[in-house]
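These are the residues of each chain, in order.
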Amino acid sequence: MIPSVAWAKEKSPGNTITDMAASARSAILMDADSGTIIYEKNSNDSLPPASITKIMTMLLVMEAIDEGRLKLTDKVQASEYAASMGGSQIFLEPGEEMTVEEILKGIALASGNDASVAIAEKLGGSEQQFVAMMNEKAVQLGMKNTKFMNCNGLPAEGHVSSANDIALMSRELLKYEDITKYTGLYQDYLRKGSPKPFWLVNTNKLVRFYSGADGLKTGFTSEAKFCLSATARRNNLRLIAVVMGEPNTKTRNAEVSQLFDYAFAQYTNIPIYKKGDPIGTLSVEKGKIDKIPLSAKHSYSVLLKKGDAGKGIRHELILNPNVKAPVEVGQSIGKLVVYRGAEVLTEFPVESPMAVTRAGWWTLLRRTTGHLFLSD
């Protein structure tokens, strides 16, 4: 899931965009659909990410919901340890229960350190085990400059990430489209109808003041300075901008807005497939099911400069040969490659949408004899 070559950046004239994040220690601007990098600055430097860490926490929560291991209505009980977290919090009391959805709001809007630990304990059994899951997911996503030591981004020795890695996990989180229902909210309440209602106001002010912005996560510690992984969508173009080490919120928001303004003015997306479109069929040898219909897990598109009609762009589904049962859900089975002429513009990994067990001998025999009769 490594982003494609930054061909879009190479097409831009001269170095006219190099100062768009002048105050940031590190920055990146990426097209969310294709993973194309439009702009970057020290994007692989390992730096403290502060609360941007919570993007990975939210990703594991959304993944668990998608897989049916967790429901939005499930109760999460705060341990004494979770309730003891300092910094940004939703002031959970030991033993207090909230739904997964309420906890998600507490993380997405208020950046609750206590909410993050509570959900980590719910999913992992302990924060330590959940952090191991975070680091395992980081490896799967190709996040080479990241090491998580906790689930909330509180200062810890060795807890680092990079702008490029944050963009990768942000892009993965955005595949769960419901997440922006929470990250895009400007305000909401927790404990509605109780004697102690808690007003949530999003720490990411761009969701109110920048057209199309609907996430994702802010971060601040005295060591990390002001950080932000932001996303905005206009028409069919969704962008991810990450800045780290900004001097203050005003500069942070201004530079992210500048990055967005540039990309929305200069670029557009040409769709290859929309989410749910059929893209092909995988043959499975010796499987209980011998063919798996494949559809687009999310939108597949290619980033082009405005005015470029997309002439010469083609795509090819390249599936792994001789795939044999058993096949697991999410198993890599090939890739969708987008070309312009002979040049590869981007590649999308293709994974199995279902598990396929090995067929019994009787099924295989019937299948073989059926083929024999058909050939006659």
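Refer to the structure above for everything that follows.
Description of the structure in this document. What you see is a predicted model; the values in this text were computed from it and never measured.

What counts and how
Residues numbered from 1 in each chain as written. Predicted model: local features only at pLDDT ≥ 70, side-chain atom pairs only at ≥ 80, totals over all residues. Heavy atoms only, no water. Helix = DSSP H or I, 4+ residues; strand = E, 2+ residues; numbered from the N terminus. Rg over C-alpha atoms; globule rule 2.2 N^0.38 Å. Buried < 20%, exposed > 50% of the residue type's maximum accessible area, 1.4 Å probe, protein only. Contact = heavy atoms within 4.5 Å. Areas by Shrake-Rupley, 256 points an atom, 1.4 Å probe, with all protein chains shown as cover. Lys, Arg positive; Asp, Glu negative; His and termini not counted. Charge placed at Lys NZ, Arg CZ, Asp CG, Glu CD. Phe/Tyr/Trp six-rings, centres within 6.5 Å; stacked < 30°, edge-to-face > 60°. Patch = residues over 30% accessible without salt bridge, like charges linked within 9 Å, V, L, I, M, F, W, Y side chains within 5 Å. Salt bridge = Lys/Arg side-chain N within 4 Å of Asp/Glu carboxyl O. Pairing = 2+ DSSP bridges. Axes fitted to C-alpha atoms, helices over the stretch in contact; angles between N-to-C directions. Polar contact = N/O pair within 3.5 Å; in protein donor to acceptor, adjacent residues only side chain to side chain. Expected span 1.5 Å × (residues − 1). Core = buried A, V, L, I, M, F, W, Y, C linked by side-chain atoms within 4.5 Å.

What to know about the overall build of the protein
For step 1, the next point in the chain: Of regular secondary structure, the protein possesses eleven helices and 16 strands.
For step 2, the next point in the chain: The C-alpha atoms of the protein give 23 Å as radius of gyration, which agrees with the globular expectation for 376 residues (21 Å, within 12%).
For step 3, the next point in the chain: Along the longest, intermediate and shortest principal axes, the C-alpha atoms of the protein span 75 × 55 × 40 Å.
For step 4, the next point in the chain: Classification of the 376 residues of the protein by burial places 52% in the buried group.
For step 5, the next point in the chain: Of the contacts made within the protein by residues no fewer than 6 positions apart, 64% connect residues no fewer than 24 positions apart.
For step 6, the next point in the chain: Total accessible area computed for the protein in this model is approximately 17300 Å², and 52% of it derives from carbon and sulfur atoms.
For step 7, the next point in the chain: Across the protein, the mean location of the 44 positive side-chain charges is 4 Å away from that of the 41 negative side-chain charges.

Digging into the packing of aromatic side chains
Within a pair of aromatic rings, the relevant descriptors are the distance that separates the centres and the angle that separates the planes.
For step 1, the next point in the chain: Per the stated rule, a full pass over the model turns up six aromatic pairs.
For step 2, the next point in the chain: Aromatic pair Phe91 and Phe198: ring centres 5.8 Å apart, planes at 65°, arrangement edge-to-face. Taken together, the residues Phe91 in the loop between α3 (80-83) and β4 (97-99) and Phe198 in strand β6 (residues 198-201) connect sequence positions 107 residues apart.
For step 3, the next point in the chain: Aromatic side chains Tyr210 and Phe260 sit 5.5 Å apart centroid to centroid with 45° between the ring planes, which places their arrangement in the tilted category. With Tyr210 in the loop between α9 (206-209) and β7 (213-221) and Phe260 in helix α10 (residues 249-266), this pair connects stretches of sequence that are 50 residues apart.

Topic: a nonpolar patch on the surface
For step 1, the next point in the chain: A cluster of nonpolar side chains, namely Trp361, Trp362 and Leu365, defines an oily patch on the protein surface of about 400 Å² accessible area.
For step 2, the next point in the chain: Residue placement: Trp361 occurs in helix α11 (residues 361-375).

Structural notes on the sheet that holds strand β8 (residues 225-234)
For step 1, the next point in the chain: Overall, antiparallel pairing links the five strands, which are arranged β2-β1-β9-β8-β7 in an open sheet. Because the sheet does not close on itself, it has two edges, and the strands there are β2 (37-41) and β7. Sheet twist, expressed as the average angle between the axes of neighbouring strands with direction ignored, equals 5°.
For step 2, the next point in the chain: Sheet analysis places strand β1 (residues 26-31) next to β2, joined by four bridges and oriented antiparallel. The residue bridging Ala27 from the neighbouring strand is Lys41, located in β2.
For step 3, the next point in the chain: Here α10 sits on the sheet and contacts β1, β2, β7, β8 and β9 (237-246); the angle it forms with β9, its principal contact strand, is near 150°.

Thoughts on unusual backbone geometry
For step 1, the next point in the chain: With an omega dihedral of 5°, the bond running from Gly215 to Leu216 counts as a cis peptide bond.
For step 2, the next point in the chain: When you line up the elements, Leu216 lands in strand β7.
For step 3, the next point in the chain: Look at Lys286: it is not a glycine, yet its phi comes out positive at around 60°.
For step 4, the next point in the chain: For Lys286, the location among the structural elements is in the loop between β11 (278-283) and β12 (291-295).

Details of the environment of Lys54
For step 1, the next point in the chain: Tracing the chain through its elements places Lys54 in helix α2 (residues 54-66).
For step 2, the next point in the chain: A relative accessible area of 0% means that Lys54 is categorised as buried.
For step 3, the next point in the chain: Linking Lys54 and Cys151, residues 97 residues apart in sequence, is a C-alpha distance of 6.4 Å.
For step 4, the next point in the chain: Residues in contact with Lys54, not counting those within four places in the same chain, are Ile107, Ser111, Gly112, Asn113, Ser116, Cys151, Asn152 and Lys217.
For step 5, the next point in the chain: A polar contact is formed between the side chain of Lys54 and the side chain of Asn113, at a distance of 2.8 Å.

Side note on the sheet that holds strand β14 (residues 313-319)
Where strands meet in a sheet, backbone hydrogen bonds hold them as pairs that are either parallel or antiparallel.
For step 1, the next point in the chain: Spatially, three strands are ordered β14-β15-β16 in an open sheet, and the strand pairing comes out antiparallel. Two strands lie at the open edges of the sheet, namely β14 and β16 (343-351), each paired on one side alone. The mean inter-strand angle of the sheet, taken between neighbouring strand axes irrespective of direction, is 20°.

A closer look at α10
For step 1, the next point in the chain: For α10, with 18 residues, the first-to-last C-alpha span of 26 Å sits near the 26 Å given by 1.5 Å per residue.
For step 2, the next point in the chain: Taken residue by residue, α10 has Arg252, Asn253, Glu255, Val256, Ser257, Leu259, Phe260, Tyr262, Ala263 and Phe264 as its buried positions.
For step 3, the next point in the chain: Its side-chain oxygen placed 3.3 Å from the backbone nitrogen of Lys250, Asn248 serves as the N-cap of α10.

Observations concerning α2
For step 1, the next point in the chain: In this model α2 runs 18 Å from its N-terminal to its C-terminal C-alpha over 13 residues, within 8% of the 18 Å that 1.5 Å per residue would give.
For step 2, the next point in the chain: The buried fraction of α2 is high, at eleven of 13 residues.
For step 3, the next point in the chain: Every buried residue of α2 is accounted for by Lys54, Ile55, Met56, Thr57, Met58, Leu59, Leu60, Val61, Met62, Glu63 and Ala64.
For step 4, the next point in the chain: Just downstream of α2 lies Gly68, where phi reads positive at about 85°.

Here's the deal with the side chain of Arg191
For step 1, the next point in the chain: Here Arg191 lies in the loop between β5 (187-190) and β6.
For step 2, the next point in the chain: Within polar-contact distance, the side chain of Arg191 engages the backbone oxygen of Ile90 at 2.9 Å.
For step 3, the next point in the chain: When near neighbours in sequence (up to four residues on either side) are disregarded, Arg191 contacts Ile90, Phe91, Leu92, Glu96, Met98, Lys196, Pro197 and Phe198.

What about the nonpolar core?
For step 1, the next point in the chain: Ranked by internal contacts, the top residues of the largest apolar core, which has 63 residues, are Met56, Ile90 and Met169.
For step 2, the next point in the chain: Every element with two or more residues in this core is listed here: β1, α2, α4 (100-108), α5 (113-124), α6 (127-140), α7 (163-173), β6 and β9.
For step 3, the next point in the chain: Sorting elements by how many residues they give to this core places α2 first, with eight residues.
For step 4, the next point in the chain: Ile90 has contacts with Met98, Gly106, Ala110, Gly112, Asp114, Ala115, Leu190, Arg191, Phe198 and Leu200, leaving out every residue within four places of it along the chain.
For step 5, the next point in the chain: If you look at the next biggest cluster of nonpolar residues, it comprises 25 residues, including Met20, Tyr39, Leu239 and Phe264.

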